[in-house]
Protein chains: 2
Amino acid sequence: MDYFFSDKISALQPSAIREILKAASDPGVISLAAGNPAPEAFPRAAIAAITAEILERDPVSALQYGISEGYEPLRLAVEAMLKQRYGIGRGFDQVLITSGAQQGIDLATKVLCNEGDVVLCENPSFIGALNTFRSYNVRLRGVDMEEDGLDLGQLEEALRTEKNARFLYLIANFNNPTGRCTSLEKRRAIYALARRRGILILEDNPYGDLRFAGEDIPSLKSFDEDGLVIYAGSFSKIIAPGLRVGFACLPAEIASKMTVAKQGADVHTGALAQMICERFLAGTDLDEHFRRLRDIYRRKSGLMLEAMGASFPPAVTWTKPEGGLFLWCSLPPAADMTAFCRSAAAAGVAVVPGSAFLTQPEDYCRSFRLNFSTPPDESIIRGIELLAGLLR
Amino acid sequence: MDYFFSDKISALQPSAIREILKAASDPGVISLAAGNPAPEAFPRAAIAAITAEILERDPVSALQYGISEGYEPLRLAVEAMLKQRYGIGRGFDQVLITSGAQQGIDLATKVLCNEGDVVLCENPSFIGALNTFRSYNVRLRGVDMEEDGLDLGQLEEALRTEKNARFLYLIANFNNPTGRCTSLEKRRAIYALARRRGILILEDNPYGDLRFAGEDIPSLKSFDEDGLVIYAGSFSKIIAPGLRVGFACLPAEIASKMTVAKQGADVHTGALAQMICERFLAGTDLDEHFRRLRDIYRRKSGLMLEAMGASFPPAVTWTKPEGGLFLWCSLPPAADMTAFCRSAAAAGVAVVPGSAFLTQPEDYCRSFRLNFSTPPDESIIRGIELLAGLLR
């Protein structure tokens, strides 16, 4: 039978990362292409103890239907955490529990955009978010990334010319794929520009707690006195991604629309998983927990950067991130990056071609993304060795 | 700030059930308005034991990111269960794990429908599905329900006149809200009609295993030699809804589009929850487990029906379902059902106004939905007593 598919889905191809991950699942290939947190970062013992206690003491809450907004004690715990640690949340805001930050991005797009509307985003940016936008038949307008965040001139131009721009999507802390961090000055300038133009900001912050160098920078949401910012956070990198629990803090008027959309999407986020996150927050010294995570990622990124510094030719450059999971490596101008990624895979090491992260993937790109969080130490060393051999 | 909302979400109001459930959460009100499985039906001890074992033996699989299609051992277990128990699944089919059957409905709509396209559905039907369709700006064409399923004349007429009808949505086993079951003859006739017109069928089967009287009837998907049927199933009523694990069995070509959409929606369904379902299926005698569930629902529905039979006036009628969670009670012709539901709530018992389940909720309706699975026995008795007092 010939099937009819919607316009919004017909244009969407399986993500390049996903396809590469499938190739990279060949046990003979070293994958520097993933985006998983380090498995040694999962608080396994705490989760096992908490889960046993929940299923002993309150099994019905963990197993029965819950409300779409999320498990009330978790919502309150997230609200308190955001306010106390990050200065996030005003009287007009509301916390909504989502099935990963990914669902926050999906629901925001669904309630804010008609087909043909425009989303502004960092270029390059997280392919998972770009594909969600595309899946609502929204047009992407990329704004190039500089070392310290968006090119403000381009952003101003885009805001001036795009009449149906609904929001600006960004990852201010350790952008995926580049690892770059938006400076405080640019954060303030971006907020002021958005305010002047009356456009919303979708601030995706999965990596903010994984800063292993430098100083924390306030989130754009912490400036938000005007109800402009939808903040999407996640437990994926600070507890465990397999739980699929994220959260959004946003103006209640938008939250109520997203709640209705969430009801139709998956009714609510897994109840046991929400209770695990709530109990974890209640029983954990977060400062100490984050210190442990940061130690892991500092060590692993250091290992990769050191190996690259020792073996990559000088014409190749890369970012030195202060947090997150990724770095961005650029070949010399005019190099054939795609051919390089292909020969890397053939040589036994998978990386993600940078073009996958562009708002226009057909544009020229000489960079690729490297992940240091997922592979074990020996794979980092061996993977960089293989890449260095090809680069020389 | 004035927010812009998409056309698809602006029209969508919070579900009437949800609003009533909020009212019904007043501890002084007896709720016959819910749709939750009986909490005594949850296999609590088995889930606690399984979960402890998973987090002891394979914590990383339970906590790390997984693939969007679902946890491979669970997909294989569902595939085997569907084939062996229900004759479901052909060579062209594929199993996809979803975050509840609700997500299967959501993703199918997203990949199959453009805005303005038409979905045919039983009238009345499950409000959660109707609202999902509405959230994609799809037009609903209702086909009236008779005692034994859809009115075939109306279905033929709808298939003939609706040029952009993309699929027919139905709950053949114990339709929500009526509790009615589509006869084998009608299932065959509906399949044949759909085949002739080349339209897909979305068969939602959350309650099929909860038959407590009569004989099992083969699902429409079990006839499907043509790749016409998308089957949406769920562990919500046979294990526990709080886990949010469902599944779909459907032609691989559609499944691959839904997988891409799922990646953008929530990346994947909770890994721990999927593993719990897989281990439960592997370690449980399902015949015996279903027997236990059916005993619970047979007893609770019997209690409600007996109380109604003993106290409701003869002008009031109701369905006598052979399975599922609901029955459908109708006031005499021309009665003001909405006023009745309102006075019931005031008297301390919540029921769901039948109009909430109509494709056109503004149409006249003299019925309301009663749920017998959620309330404890004494609430069933007392709730029916209160309703009887109002009806006399």
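Residues numbered from 1 in each chain as written. Chains lettered and ligands numbered in written order. Predicted model: local features only at pLDDT ≥ 70, side-chain atom pairs only at ≥ 80, totals over all residues. Heavy atoms only, no water.

Caption draft 1: Representation of the overall build of chain A in the model. A tally of helices and strands in chain A yields 14 helices and 14 strands. Since a compact globule built from 392 residues should have a radius of gyration of about 21 Å, the 21 Å found for chain A is in line with a globular shape. Principal-axis analysis of the C-alpha atoms gives chain A an extent of 60 × 55 × 50 Å. The buried share of chain A, taken over its 392 residues, is 64%. Within chain A, residue pairs in contact and separated by at least 24 positions form 77% of the contacts whose partners lie at least 6 positions apart. Surface exposure of chain A reaches about 13,700 Å², of which carbon and sulfur atoms provide 51%. Across chain A, 42 positive and 48 negative side-chain charges occur, with their mean positions spaced 1 Å apart. (Helix = DSSP H or I, 4+ residues; strand = E, 2+ residues; numbered from the N terminus. Rg over C-alpha atoms; globule rule 2.2 N^0.38 Å. Buried < 20%, exposed > 50% of the residue type's maximum accessible area, 1.4 Å probe, protein only. Contact = heavy atoms within 4.5 Å. Areas by Shrake-Rupley, 256 points an atom, 1.4 Å probe, with all protein chains shown as cover. Lys, Arg positive; Asp, Glu negative; His and termini not counted. Charge placed at Lys NZ, Arg CZ, Asp CG, Glu CD.)

Caption draft 2: Local environment of empty space enclosed by the protein. Applying the stated criterion across every chain yields a total of 3 cavities of 30 Å³ or more. Taken as a whole, the largest cavity spans an internal volume of roughly 180 Å³. Leu243 and Gly270 of chain A together with Leu243, Gly270 and Ala273 of chain B are the residues nearest the centre of the largest cavity, which is lined by 22 residues in total. Grouping the constituent residues of the lining of the largest cavity by class yields 9 nonpolar, 9 polar and 4 charged. Counted as a void, the second largest cavity has a volume near 110 Å³. Residue lining of the second largest cavity: 16 residues in total, with Asp106 and Ala265 of chain A together with Asp106, Tyr136 and Ala265 of chain B positioned closest to the centre. Elements with a contribution of two residues or more to the lining of the second largest cavity: helix H6 (100-112) and helix H10 (252-266) of chain A together with helix H6 (100-112) and helix H10 (252-266) of chain B. A class-by-class count of the residues in the lining of the second largest cavity yields 8 nonpolar, 2 polar and 6 charged. (1 Å grid on protein atoms, 1.4 Å probe; cavity = no way out; pocket = protein on both sides within 12 Å on 5 of 7 lines; lining within 4 Å. Points joined across faces, edges and corners; volume = space filled by probe spheres on them. Nonpolar A, V, L, I, M, F, W, Y, C, P; charged D, E, K, R; others polar.)

Caption draft 3: Fine view of the interface of chain A and chain B. Counting residues at the interface gives 78 residues for chain A, matched by 78 residues for chain B. Here chain A packs against chain B, burying approximately 6,500 Å² in sum over the two surfaces, 60% of which is carbon and sulfur. For the chain A face of the interface with chain B, the top three residues by lost area are Tyr3, Leu63 and Tyr65 of chain A, together amounting to 11%. Applying the counting rule to chain A against chain B returns 2 salt bridges. A salt bridge links Lys110 of chain B to Asp106 of chain A; its shortest N-O distance comes to 3.8 Å. (Buried area = accessible area lost by both parts, 1.4 Å probe. Salt bridge = Lys/Arg side-chain N within 4 Å of Asp/Glu carboxyl O.)

Caption draft 4: Up close: the domain arrangement of chain A. All names here are of chain A. When cut into domains, chain A gives domain 1 (12-43 + 288-391) and domain 2 (44-283). With centres defined by C-alpha atoms, the gap from domain 1 to domain 2 works out at 25 Å. In total, about 3,200 Å² of surface goes out of reach between domain 1 and domain 2, with carbon and sulfur atoms giving 63% of it. Interface area lost by domain 1 to domain 2 is led by Pro43, Glu322 and Thr359, which between them contribute 23%. On the surface where domain 1 and domain 2 come into contact, there are 1 salt bridge. Here Glu322 and Arg211 are joined by a salt bridge, their closest N and O atoms 2.8 Å apart. (Domains from an automatic or database assignment.)

Caption draft 5: The arrangement of the relation of the copies chain A and chain B in detail. Superposition record for chain A on chain B: RMSD 0.0 Å, screw rotation 180°, translation along axis 0.0 Å. Taken together, these values place the two copies in the relation of a two-fold axis. Across chain A, the rotation axis passes nearest the C-alpha of Ala52 of chain A, at a separation of 3.3 Å. Mapped onto chain B, 100% of the interface residues of chain A again fall at the interface, so both copies present the same surface. (Least-squares fit on C-alpha atoms with pLDDT ≥ 70 in both.)

Caption draft 6: Seen up close, helix H7 (residues 127-134) of chain B. The buried fraction of H7 of chain B amounts to 7 of the 8 residues, a majority that puts the element mostly inside the structure. Turning to H7 of chain B, its buried residues are Ile127, Gly128, Ala129, Leu130, Asn131, Thr132 and Phe133 of chain B.

Caption draft 7: Quick look at the packing of aromatic side chains. Tallying each qualifying case throughout the model produces 20 aromatic pairs over all chains. On the basis of an interplanar angle of 70° and a centroid distance of 5.6 Å, the ring pair of Phe133 of chain A and Phe167 of chain A is categorised as edge-to-face. Placement of the pair is Phe133 of chain A in helix H7 (residues 127-134) and Phe167 of chain A in strand S6 (residues 165-170), with a sequence separation of 34 residues. Relative accessible area serves as the criterion here: at 0%, Phe167 of chain A is assigned to the buried category. Geometrically, the ring pair formed by Phe312 of chain A and Trp318 of chain A is edge-to-face, given 5.5 Å between the ring centres and 90° between the ring planes. Under the relative-accessibility criterion, Trp318 of chain A is labelled buried at 15%. Connected via pairs of aromatic rings, a cluster forms that spans Phe133, Phe167 and Tyr169 of chain A. One Lys or Arg, Arg166 of chain A, reaches over the ring of Phe4 of chain B and ends 3.4 Å from the middle of that ring. Above the plane of the ring of Phe5 of chain B lies Lys257 of chain A, whose end atom (NZ or CZ) is 5.3 Å from the centre. (Phe/Tyr/Trp six-rings, centres within 6.5 Å; stacked < 30°, edge-to-face > 60°. Lys NZ or Arg CZ within 6 Å of the ring centre and 35° of its normal.)

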